[in-house]
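Remarks on the overall topology
Letter by letter, the chains look like this.
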Amino acid sequence: MNAKQRALRNRTREQRTLRHAHKAIATGTPQTARTHLVAAGLDDTTAKRYAGAFSRGATADVTTEATIKLKGRTRKAVPVKLYSATTFTARLLVYRPKDLTAAARFEQAAHRLAA
């Protein structure tokens, strides 16, 4: 695979993830922190990395269970926190990671949502 194909594949994946996040947020139902972060303008990799820390100090609107796959055929039910748009926006306005570049991205996302 050459560089052009790889770039096109990555851009397509990013656009698909962004479209799915926007559609999920538009339904008005509570969504995960990662979905909200992607819809706010962060890339999926950064959103996945910081979603756990982002949701650590916040109170979830709804808590459900999801199944994750472990080794082999083993599966485990884990709790998933879901946030409404207002709860997410309030948390995004105050949360900043220690990494300066990620903190700048979170600040930009907060300004975009506040506008």
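The following paragraphs examine the structure supplied in this document. (Residues numbered from 1 in each chain as written. Predicted model: local features only at pLDDT ≥ 70, side-chain atom pairs only at ≥ 80, totals over all residues. Heavy atoms only, no water.)

**Considering the layout of surface pockets**
If you roll a probe as big as a water molecule over the atoms, it shows you where there is empty space left. Here the largest pocket defines a volume of roughly 160 Å³. Considering the residues around the largest pocket, the lining is formed by Thr32, Ala33, Arg34, Ala51, Gly52, Ser55, Val80, Lys81 and Tyr83. Elements with a minimum of two residues in the lining of the largest pocket: helix H2 (33–40), helix H3 (44–56) and strand S2 (75–82). Among the elements that line the lining of the largest pocket, the one with the most residues is H3, at three residues. (1 Å grid on protein atoms, 1.4 Å probe; cavity = no way out; pocket = protein on both sides within 12 Å on 5 of 7 lines; lining within 4 Å. Points joined across faces, edges and corners; volume = space filled by probe spheres on them. Helix = DSSP H or I, 4+ residues; strand = E, 2+ residues; numbered from the N terminus.)

**Concerning the pattern of salt bridges**
Under the definition given, this model contains two salt bridges. When the shortest N-O distance is used, the salt bridge between Asp44 and Arg34 registers 2.9 Å. A residue pair is termed long-range when its members are at least 10 positions apart, and Asp44 in helix H3 and Arg34 in helix H2 qualify at ten residues. Look at Asp44 and you get partly exposed, because its relative accessible area is 28%. (Salt bridge = Lys/Arg side-chain N within 4 Å of Asp/Glu carboxyl O. Buried < 20%, exposed > 50% of the residue type's maximum accessible area, 1.4 Å probe, protein only.)

**Concerning helix H4 (residues 85–94)**
Within H4, the full set of buried residues consists of Phe88, Arg91 and Leu92. Down the axis, H4 shows its buried residues gathered within 100 degrees of arc, on one side only. Every exposed residue of H4 that faces more than 90 degrees away from the buried side is listed here: Thr86 and Val94. Looking at the buried side of H4, the elements it contacts are H2, H3 and helix H5 (100–114). (Arc of directions from axis to C-beta. Contact = heavy atoms within 4.5 Å.)

**Examining the packing of aromatic side chains**
Counted under the stated rule, the structure contains five aromatic pairs. Plain terms: the ring middles of Phe54 and Phe88 are 5.3 Å apart, the flat faces sit at 45 degrees to each other, and that makes the pair tilted. Of this pair, Phe54 sits in helix H3 while Phe88 sits in helix H4; the two residues are 34 residues apart in sequence, bridging distant segments of the chain. The residues Phe54 and Phe88 share a single accessibility class, namely buried. (Phe/Tyr/Trp six-rings, centres within 6.5 Å; stacked < 30°, edge-to-face > 60°.)

**So, the environment of Thr86**
Mapped onto the secondary structure, Thr86 falls in helix H4. Assessed through its relative accessible area of 62%, Thr86 is described here as exposed. In sequence terms Thr86 and Pro30 are 56 residues apart; their C-alpha atoms lie 9.8 Å from each other. A distance of 3.3 Å separates a polar atom in the side chain of Thr86 from a polar atom in the side chain of Ser84. (Polar contact = N/O pair within 3.5 Å; in protein donor to acceptor, adjacent residues only side chain to side chain.)

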